[in-house]
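For reference, the chains in residue letters:
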Amino acid sequence: MAQHNRRNEILAAIGRAPMLSVGAARIIDLAARADHELDDIIDLVKNDAPLTAKLLRIVNSPAYGLLEPATSVERAVSYLGENTVVSIVLEETLGPLLNRPLDGYQSAGGDLWRHDLRVAIAAKEIALLNPRRCQPDTAFTAGLLHDIGKSVLSGFLRDEYHRIIDELMTRAIPDYTAGEREHLGIDHAEVGFTLAENWQLPEIIRMVIRHHHEPALAPEETRALVYTVHLGDILAMMGGYGTGTDNLFYRLDQSYVDWLNFGPGQIGPVMLTVEEKFTETLQVMQLR
Ligand SMILES: [Fe+2]
Ligand SMILES: [Fe+2]
């Protein structure tokens, strides 16, 4: 019974979470469409003066070493690339949620955002091997948002996480989300999905958030993308970028092999590429 009370409390907390800015909602909406192009992103950025100013400032920072300063949105966006633009927009609008320490997962401020970036990069690399089934830039955007539910659930886990760890150690529960459901009546995937509904995020992104720990349950037309982020999530944790107490307490659904053009032998090489791109991306993000 206590569990149901917490569920209602958590649902109320989701209702109090910040809303997405209109500009960010438009960019995510576009980035989730399979047939979008960089020009569409450029058009949206052009209508957003503060974002334009920020992107120009980043691309013209000494770290980029451009010989001629970039003065147009076209040049700035082409140079930074869609993924960086989406990351900057998301951090701008959801920064307070993404960067807060996750006490309930015993992880420091910034850990969730670094995990999300790492998953986004890994998901894109996996998607590049499956471009017909899974648009790589959509995989990146979905990866950035997959764990957003943790930012709200964390506060409610503070007194529960050690019990969940005990149960995982004795194998009383199969994974971390089962512990969240048992102790709080809801897991971070459902919390994130509800947030995504409130924000009216595109259906495909909502499905990734909802099913990223149980990809087999995702609607068939979204399953390749969900498996991509599911695997990217595990690779990020294996690379040392989890979010604390739950790290690697999730199951890898081995059916990824059937859904993705990817086998266990490719994990090592992809992880090396992810490491390299992650370091580059962090450098750019620090320029903001
Ligand atoms: Fe997760
Ligand atoms: Fe994750």
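See the structure printed just above.
## Remarks on the environment of Ala 196
Within the secondary structure, Ala 196 sits in helix 12 (residues 188-198). For Ala 196, a relative accessible area of 0% puts it in the buried group. Residues Ala 196 and Thr 71 lie 125 residues apart in sequence; the distance between their C-alpha atoms is 35 Å. Excluding its chain neighbours within four sequence positions, the residues that come into contact with Ala 196 are Leu 201, Arg 206 and Ile 209.

## Some words on the coordination of the iron ion (ligand 1)
Every protein donor of the iron ion (ligand 1) is listed here as Asp 147 (OD), His 188 (NE2), His 212 (NE2) and His 213 (NE2), and their distances to the metal cover 2.1 to 2.2 Å. For the iron ion (ligand 1), the four donor atoms in the first shell make angles of 85 to 172° at the metal, a pattern classed as irregular. Taken in chain order, the donor set of the iron ion (ligand 1) reads D-x40-H-x23-H-H. Separating the iron ion (ligand 1) from the iron ion (ligand 2) is a gap of 3.7 Å, which Asp 147 spans by donating to each of them. Taken together, the positions of Asp 147 in the loop between helix 8 (136-145) and helix 9 (149-157) and His 188 in helix 12 put the pair 41 residues apart, joining distant regions of the chain. Side by side, Asp 147 and His 188 carry an identical accessibility label, which is buried.

## Re the coordination of the iron ion (ligand 2)
Taken together, His 115 (NE2), His 146 (NE2), Asp 147 (OD) and Asp 233 (OD) make up the full set of protein donors to the iron ion (ligand 2), lying 2.1 to 2.2 Å away. Around the iron ion (ligand 2), the four donor atoms are arranged such that angles at the metal cover 86 to 175°; this shape is classified as irregular. Between consecutive donor residues of the iron ion (ligand 2), the sequence gaps follow H-x30-H-D-x85-D.

## Considerations on unusual backbone geometry
It is generally the case that most residues other than glycine have a negative phi and that most peptide bonds are trans. Phi at Arg 171 takes a positive value of approximately 60°, unusual for a residue other than glycine. Looking at the secondary structure, you find Arg 171 in the loop between helix 10 (161-169) and helix 11 (176-184). Backbone geometry at Gln 200 places phi at a positive 55°, although glycine is not the residue there. Residue position: Gln 200 is located in the loop between helix 12 and helix 13 (203-211). Overall, Gln 200 belongs to the exposed group, its relative accessible area being 66%.

## Section: the pattern of salt bridges
Within this structure, the stated rule accounts for 15 salt bridges. Ionic pairing is found between Arg 158 and Asp 103, a salt bridge with its closest N-O pair at 3.5 Å. In this pair, Arg 158 is assigned in the loop between helix 9 and helix 10 and Asp 103 in the loop between helix 6 (82-98) and helix 7 (111-128), connecting sequence segments 55 residues apart. Since its relative accessible area comes to 44%, Arg 158 is described here as partly exposed. By relative accessible area, Asp 103 is classed as partly exposed at 35%. A salt bridge links Glu 160 to Arg 163; the shortest N-O distance between them is 2.8 Å.

## Section: the nonpolar core
If you look at the biggest cluster of nonpolar residues, it comprises 96 residues, and the most contacted ones within it are Val 45, Leu 94, Tyr 176 and Leu 201. Not counting the four nearest positions on each side in its chain, Tyr 176 is found in contact with Gly 104, Tyr 105, Leu 157, Tyr 161, Ile 164, Ile 165, Leu 168, Thr 245, Asp 246, Phe 249 and Tyr 250.

## Focus on helix 11
Most of helix 11 is tucked away, with seven of its nine residues classed as buried. Buried within helix 11 we find Tyr 176, Thr 177, Ala 178, Gly 179, Glu 180, His 183 and Leu 184. Trailing helix 11 by a residue or two, Gly 185 shows a phi angle of about 80°, which is positive.

## Here's the deal with a negative patch on the surface
Together, Asp 35, Glu 37, Asp 39, Asp 40 and Asp 43 give the surface a local cluster of negative charge. Within the secondary structure, Asp 40 sits in helix 3 (residues 38-46). The exposure class assigned to Asp 40 is partly exposed, which follows from its relative accessible area of 30%.

The rules behind these values
Residues numbered from 1 in each chain as written. Chains lettered and ligands numbered in written order. Predicted model: local features only at pLDDT ≥ 70, side-chain atom pairs only at ≥ 80, totals over all residues. Heavy atoms only, no water. Helix = DSSP H or I, 4+ residues; strand = E, 2+ residues; numbered from the N terminus. Buried < 20%, exposed > 50% of the residue type's maximum accessible area, 1.4 Å probe, protein only. Contact = heavy atoms within 4.5 Å. Donors = N, O, S within 2.8 Å, 3.2 Å for Na, K, Ca; no water. Tetrahedral: all angles 85-135°; square planar, octahedral: opposite > 155°, others 65-115°. Salt bridge = Lys/Arg side-chain N within 4 Å of Asp/Glu carboxyl O. Core = buried A, V, L, I, M, F, W, Y, C linked by side-chain atoms within 4.5 Å. Patch = residues over 30% accessible without salt bridge, like charges linked within 9 Å, V, L, I, M, F, W, Y side chains within 5 Å. Areas by Shrake-Rupley, 256 points an atom, 1.4 Å probe, with all protein chains shown as cover. Lys, Arg positive; Asp, Glu negative; His and termini not counted. Charge placed at Lys NZ, Arg CZ, Asp CG, Glu CD.

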